[in-house]
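Inside the fold
Each chain, letter by letter, is given below.
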Amino acid sequence: MLKEKVASFTARPDEVDLCVLLYSGGLDTSCMLVWLQEKYNTDVITVTLNVGQAKDFREIEEKAKMLGVKKHYTIDAREEFVNEYIMKAIKANALYQDAYPISSSLSRPLIAKWGVEIAKKEGADAISHGCTGKGNDQVRFSVTINTLAPEMKIIAPVVEWGMSRDDEIIYAQEHGIPIPVTVNSPYSIDENLWGRSIECGVLEHPEVEPPPDVFLWTTPPEKAPNEPCYVEIGFEEGVPVSVDGVRMNGVDLIMKLHELGCIHGVGRIDHMEDRIVGLKSREVYECPAATILLKAHKDLEKFVCTRHENAFKKLVDEQWTSLVYSGLWVEPLMEDLEAFINNVNRKVTGTVRLKLFKGNVSVVGRSSNYALYDENLATYDRKSTFNQLASLGFIELWGLQSRMAQVVKPKSGGIQSKTVKYM
Ligand code: ARG
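The sections below set out a description of the structure shown in this document. It should be emphasised that the depicted structure is a prediction, and the values quoted were computed from it without experimental measurement.

Looking at the pairing of strand 6 (residues 188–192)
Pairing of strand 6 with strand 7 (residues 195–199), which is carried by five bridges, proceeds in the antiparallel orientation. Residue pairing across strands places I189 opposite I198, the latter belonging to strand 7.

Listed below in structure tokens is the structure:
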């Protein structure tokens, strides 16, 4: 009974004639490419998205062809990823559980969208991905695919076949699948312009410090230069547009900050994460550009918004981030939240100066024409225009209810007389 129910979620081999595989070129998806042809007796079209991972896309294409793919697509989606996904995350100060810049999460709906687009164009009847049944990515891919193309079947071979890494290696050897040199790496990696995530191996022991070989991008903070680096980022309506006064497109800007962040050991993250499926997992990331940009944006936003806006925006941002993390990019509430987020960001224009030093990034200056800061009011100089006498009456009223409540509070001897003067 349960088996039948599960079966209804996955495609039967006789239902699939042409399958689009979201292909990274790694061992999992390469085994899947062969397995789909073998077990489902289907033609396969592979799609690889360039979202800024350091990969040789030629090599990936050649590998797919060697493994019998009918057609292969390499899509350079870097600009789209930056403009339609990362910039929104910056405006939403997106840090899941105050730690993770949702780098992998953000890329999934984009990859799924391209998978659907190509599947439709090619007349495929199924889309396949290499996610496990324990992670978030399966949810992100499947929810997006099911929404954009309800008729499309989804095949998740890793969930179905339950092969271990060792099984995969044997399968690969038997089927002439090239085994990547990284196969002995104990880690599972996902990479794009916004960050690099590292899981598995010794990282599964939350009490153990991540060993040095986990980090590939960033200099260990203790070995970073002894001289700090200053950098000034310009924002227009919440979007970063320049570095040290030089205007750049989003991709170049992120790459520039990535470079600086890496040199100074910025953006290493180690936190316990709550996954969609209920697991708590230890996650390690390197997100240099994201760490710098999120810090800068938040500081500038706080500078130009009222305290009420700041307090409320935090709730909206958290909701937006949590929806993205949980795979609900297609949820209509996203658009509603974005309307608010964009409206607030209309005034997030100005510059932020930051200092990168031995793994830290701190804001050391900011300026904006929309700042709700007035030196004449704030200064402790004699020239201040702030009327301090106004504070006396303000305090009287500000504490009124709190004082009253203390007087009438139930006490063991009954409440106090209400004849007490409050004012
Ligand atoms: N825990 C992160 C997330 O859910 C990272 C996932 C990385 N994915 C991967 N296939 N290695 O967004």
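Structure's up, so let's keep going.
Description of the sheet that holds strand 2 (residues 43–50)
Within a beta sheet, neighbouring strands are joined by backbone hydrogen bonds and run either parallel or antiparallel to one another. With parallel pairing, five strands are arranged side by side in an open sheet as 3-2-1-4-5. Single-partner strands in this sheet number two, and they are strand 3 (71–76) and strand 5 (153–155). Put simply, the sheet's adjacent strands are angled 25 degrees from each other on average, direction ignored. As defined by bridge partners, strand 2 adjoins strand 3 across six bridges and the pair is classed as parallel. Directly across from I45, in strand 3, lies its bridge partner K71.

Concerning the packing of aromatic side chains
The final tally for this structure, using the stated rule, is 12 aromatic pairs. Pairing W35 with Y40 gives two aromatic rings, centres 5.9 Å apart and planes at 50 degrees, and the pair type is tilted. Accessibility assignment for this pair places W35 and Y40 in one class, buried. Every member of this aromatic cluster is reached through a ring pair, and the members are W35, Y40, W161 and Y171. Of note, R140 hangs over the ring of Y325, and the distance from its end group to the ring centre comes to 4.9 Å. The lysine or arginine in question, R268, covers the ring of F215, its NZ or CZ lying 3.8 Å from the ring centre.

Some remarks on helix 4 (residues 78–91)
In a regular helix each residue adds 1.5 Å, so 14 residues correspond to 20 Å; helix 4 covers 18 Å between its end C-alpha atoms and thus fits that length. Within helix 4, the axis deviates most sharply at Y85, by approximately 30 degrees. The complete set of buried residues in helix 4 reads E80, F81, V82, Y85, I86, M87, A89, I90 and K91. Positive backbone phi, at 45 degrees, marks N93, one or two positions downstream of helix 4.

Side note on the nonpolar core
One finds L106, L257 and W320 to be the most contacted residues of the largest nonpolar core, which totals 81 residues. Sorting elements by how many residues they give to this core places helix 10 (residues 288–304) first, with nine residues. When neighbours within four sequence positions are excluded, L257 is seen to be in contact with V231, I233, V243, A289, I292 and L293. Of all hydrophobic cores here, the second largest spans 27 residues; its members include V16, F57, I60 and V69.

As for the side chain of E168
When you line up the elements, E168 lands in helix 8 (residues 165–174). Lacking a salt bridge, the buried E168 has R165 as its closest oppositely charged neighbour, with an N-O distance of 4.0 Å. Not counting the four nearest positions on each side in its chain, E168 is found in contact with L27, D28, C31, W161 and M163.

Quick notes on the rules
- Residues numbered from 1 in each chain as written.
- Predicted model: local features only at pLDDT ≥ 70, side-chain atom pairs only at ≥ 80, totals over all residues.
- Heavy atoms only, no water.
- Pairing = 2+ DSSP bridges.
- Helix = DSSP H or I, 4+ residues; strand = E, 2+ residues; numbered from the N terminus.
- Axes fitted to C-alpha atoms, helices over the stretch in contact; angles between N-to-C directions.
- Phe/Tyr/Trp six-rings, centres within 6.5 Å; stacked < 30°, edge-to-face > 60°.
- Buried < 20%, exposed > 50% of the residue type's maximum accessible area, 1.4 Å probe, protein only.
- Lys NZ or Arg CZ within 6 Å of the ring centre and 35° of its normal.
- Expected span 1.5 Å × (residues − 1).
- Bend = angle between axes of the 7 residues up to and from the residue.
- Core = buried A, V, L, I, M, F, W, Y, C linked by side-chain atoms within 4.5 Å.
- Contact = heavy atoms within 4.5 Å.
- Lys, Arg positive; Asp, Glu negative; His and termini not counted.
- Salt bridge = Lys/Arg side-chain N within 4 Å of Asp/Glu carboxyl O.

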